[in-house]
Amino acid sequence: MIRMQDIADKLGISKGTVSKALNGTANISEELQKKILETAVEMGYTKKLRRQKDEEQKLCILIDNTEYKAPHQFGYDIILGFRQLAEPAGYTVDVIQVNDKLQKSITYDAFMIQNNYKGSFVIGFSLSTPWMKDFYSSRIPAVLYDNYIPANPSVAYVGIDNTEGMALAVSHLKELGHKNIGYLSAALGSYIMQVRHKSFFQALRQTGLNADYTRARNAYLITECVERHLPKLLDMGVTAIICSHDQLAHAAICQCQQLGYHIPEELSIIGFDDLPFCAYTSPPMTTVRQNRIQIGKSAYCALESLLNHVSIGTLLLHAQLIVRESTSTVKTKHPT
């Protein structure tokens, strides 16, 4: 078991200085504090930190690129579900918006030690987010929503089964008679966008449909997708389009209507996530539902397992297809 004195001996400083750094005391230099924190992480001091019973039990939710403060926003229910289990269990849960500047200034483990957090639930990180590299070797438990880190027993992945969700969407369209299906996606800079992209073609092959890679288009901006890529899919004669998320699907519906297409008579459109607004689009949107409350609860269960040294790798909830009025058989053909 690594002690503060061991860290002090390695750095040639006093135990009191190490204590100040680990507890975030302001009267030592930022450079020295960073060096002490990094050395503590390197020596495995985090293991001792988690065994202390007399300190406040704190968890954090680290969030980036995700709105969460209002009930209609994507992250709201996920955080609510996590808190519904964590707080009755005696944990204080802090929600922290992180950015690249913070992550480049301090490692993940050092941040967790400095703020006395036992573990974290991580939402909205892209593959290029700085701390994603830290998770490959981190010793402090982290549960990642829609991100996967292999071979680290301190890190778990939770979400829904996106492969199952995409298969449900493709099978639904095939049952309606669609054979020429297109796919619009956000940029493939996140793990989950890559999973959904791959799962779309896997679902096409499994249902015996043509997995033509030219029918899948992606862009960073929604406007680019619907203004540049959507017309190309329409020119290819697709009769249905699956979108990687609901905002993109809604934009596609609006753009098609502006181009004179009738939804769903001439074109079926499916979203992904089932955000609250999907029931109120015109027409109401068929989409793949993520039960966000249950995702938050499953994240706490996975984190609790990690804190008890039970190595959870992946915890996926079943997907559910919510059929509304944006999909149907093709009843008319739009004039070319």
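Because the structure is predicted, anything quoted here is derived from the model rather than measured.

### Looking at the packing of helix 1 (residues 4-11) against helix 2 (residues 15-22)
Axis separation between helix 1 and helix 2 bottoms out at 8 Å; the angle between their running directions is 110°. Considering the angle they form, helix 1 stands roughly perpendicular to helix 2. The crossing of helix 1 and helix 2 is right-handed. When helix 1 is examined against helix 2, the residues M4, Q5, I7 and A8 are found in contact with a partner set consisting of K15, V18, S19 and L22. Considered class by class, the residues forming the contact of helix 1 with helix 2 number 5 nonpolar, 2 polar and 1 charged.

### Structural notes on the sheet that holds strand 6 (residues 181-186)
By way of backbone hydrogen bonds, the strands of a sheet pair with one another, either parallel or antiparallel. Ordered by their spatial adjacency, 6 strands build an open sheet running 7-6-8-9-10-12, and the pairing between neighbours is mixed. Each edge of the open sheet is held by one strand with a lone partner, namely strand 7 (216-219) and strand 12 (320-322). Averaged over all neighbouring strand pairs, the angle between strand axes comes to 20°, with direction disregarded. As defined by bridge partners, strand 9 (residues 268-273) adjoins strand 10 (residues 286-289) across 4 bridges and the pair is classed as parallel. Residue F272 lies in a different strand from strand 10, and its bridge partner there is V288. Sheet strands touched by helix 10 (residues 191-206): strand 6, strand 7, strand 8 (240-243) and strand 9. Its angle to strand 6, the strand with the most contacts, is close to 170°.

### As for the sheet that holds strand 2 (residues 92-97)
The strand order across the open sheet built from 6 strands is 2-1-3-4-5-11, with neighbouring strands paired in parallel fashion. Edge positions in the open sheet fall to strand 2 and strand 11 (314-317), since each of these has one partner strand only. Each strand axis lies, on average, 20° off the axis of its neighbour in the sheet, ignoring direction. In this structure, strand 5 (residues 155-160) lies alongside strand 11, joined through 4 bridges in parallel fashion. Residue pairing in the sheet places G159 in a bridge with L316 of strand 11.

Thresholds, definitions, all that
Position numbers for residues count from 1 along each chain, tracking the sequence in the order it is written. A pLDDT threshold of at least 70 governs which residues receive local features in this predicted model, and a stricter bar of 80 or more applies before side-chain atom pairs are shown or counted, although totals over entire chains, interfaces and linings include all residues. Processing note: side-chain calculations cover all non-hydrogen atoms of the structure and skip hydrogens and water entirely. Interaxial angle, 0 to 180 degrees, is taken between N-to-C directions of lines fitted to C-alpha atoms, where a helix line uses only the stretch in contact. Here a strand is any run of E in DSSP of at least two residues, a helix any run of H or I of at least four, and the numbering for each starts at the N terminus. In these notes the angle categories are as follows: under 35 degrees is roughly parallel, over 145 is roughly antiparallel, 65 to 115 is roughly perpendicular, and the rest is oblique. The handedness criterion is simple: a crossing whose near helix is rotated anticlockwise from the far helix by less than a right angle is left-handed, and one whose near helix is rotated clockwise is right-handed. In this analysis, two residues are considered to be in contact whenever any of their non-hydrogen atoms come within 4.5 Å of each other. Gly is placed with the polar residues, together with every amino acid not listed as nonpolar (Ala, Val, Leu, Ile, Met, Phe, Trp, Tyr, Cys and Pro) or charged (Asp, Glu, Lys and Arg). Strand pairing follows a simple DSSP-based rule, namely that at least 2 bridges must link the two strands.

Function cannot be read off these values alone, since they describe shape.
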